[in-house]
Amino acid sequence: MMYKNTVNIIGAGPASLVAAIVLRKHGLAVKVFEMSPDVGYRLSGDFQGVENWSSERDVTELLGEIGIRINFLWMPYYEGTVYAPEMKPVEVKSGRPIFYLVRRGSMPGTLDWGLKEQALSLGVEIIFNHRLDNLEGKAIVGTGPKGADAVAVGITFNTKMQDKAVVVLDDNIAPKGYAYLLVKQGYATMATVLYREFKKADDYFEKMLNFFKEKMDVDIKNRKKFGGYGNFFIRDKQTRNEKIYIGEAAGFQD
Ligand SMILES: Cc1cc2nc3c(=O)[nH]c(=O)nc-3n(C[C@H](O)[C@H](O)[C@H](O)COP(=O)(O)OP(=O)(O)OC[C@H]3O[C@@H](n4cnc5c(N)ncnc54)[C@H](O)[C@@H]3O)c2cc1C
């Protein structure tokens, strides 16, 4: 089939795939160039939370409105626990989901995999193993973070713990950042996110592990370590040299 216009998108992260799905639904041809052999290569099967407090409307409804189907793990969490130094743990509860739990990575059930399937079923062309750095002309750039405003180090593991969400705000565990534990049906993710002292990330990881072991009955099986980094500061401009920057390439995160 011939399409009047083809939109080129660089990177096949969630921002790019959502853009591709929306544009394709509006009748445009879409080509996505991804440097990795598949989607989700930057992540490790870890849980993430899609926050639901940024808008008056529920994020599930907003996704539905732009034509995104929920064909991935998408679990509402209505409560969680916050730890901070010199404070009793605070139980946070809400009548509407505080966040939605998703899994990230290159395997079935992840956000990345689900969005890829939706894009492909609509006829979006995804070209893997194709790094693009200097594309001439118009394009959408969804290449994720460049450099690190924050560094994360954590583990995924199997556990007998009940489902839970825990956040820790403590400079001794995550300098100027936060640590978290997310458990869903016997699988868990625990990580510390540092905004300072990146070189000591492994030390802070050990401190976080000890913290969780001390505060709750954490049993850990099949642990797999992962790391990552992120850009948290929105750029002054989202357009440059005929390119539109989206997602974390534009500084949008959390
Ligand atoms: C450990 C960790 C935990 C996180 N937890 C959360 C959380 O709980 N909640 C939350 O909202 N966010 C979280 N984030 C951030 C979240 O993962 C990112 O904000 C999100 O993935 C960004 O999506 P994106 O589509 O902008 O970019 P990405 O997901 O980074 O995708 C960019 C894609 O572009 C590709 N690419 C890059 N350069 C090129 C190039 N030159 N040519 C072709 N392809 C290229 C990459 O291979 C990648 O596939 C976390 C991040 C990490 C690392």
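How each quantity is defined
- Residues numbered from 1 in each chain as written.
- Predicted model: local features only at pLDDT ≥ 70, side-chain atom pairs only at ≥ 80, totals over all residues.
- Heavy atoms only, no water.
- Pairing = 2+ DSSP bridges.
- Helix = DSSP H or I, 4+ residues; strand = E, 2+ residues; numbered from the N terminus.
- Axes fitted to C-alpha atoms, helices over the stretch in contact; angles between N-to-C directions.
- Contact = heavy atoms within 4.5 Å.

(A) Region of interest: the sheet that holds strand β14 (residues 221-230). Taking strand neighbours across the sheet as the criterion, the seven strands line up as β6-β5-β11-β12-β13-β10-β14 in an open arrangement whose pairing is mixed. Looking at which strands have only one partner, the edges of the open sheet turn out to be β6 (90-93) and β14. In this sheet, neighbouring strand axes are inclined to one another by 15 degrees on average, regardless of whether the strands run parallel or antiparallel. Sheet topology places strand β5 (residues 79-83) next to β6; four bridges connect them, and they run antiparallel. Opposite threonine 81, over in β6, you have glutamate 91 as the bridge partner. Contacts from helix α4 (residues 201-215) reach β5, β10 (150-158), β11 (164-168), β12 (178-184), β13 (187-194) and β14 within the one sheet, and its direction differs from that of β13 by about 130 degrees.

(B) Examining the sheet that holds strand β4 (residues 75-77) more closely. Here we have three strands laid out as an open sheet, ordered β3-β7-β4, and antiparallel in their pairing. Looking at the sheet topology across the chains shown, the edges are occupied by β3 (47-51) and β4. Strand-to-strand twist in this sheet, taken as the mean axis angle between neighbours without regard to direction, amounts to 35 degrees.

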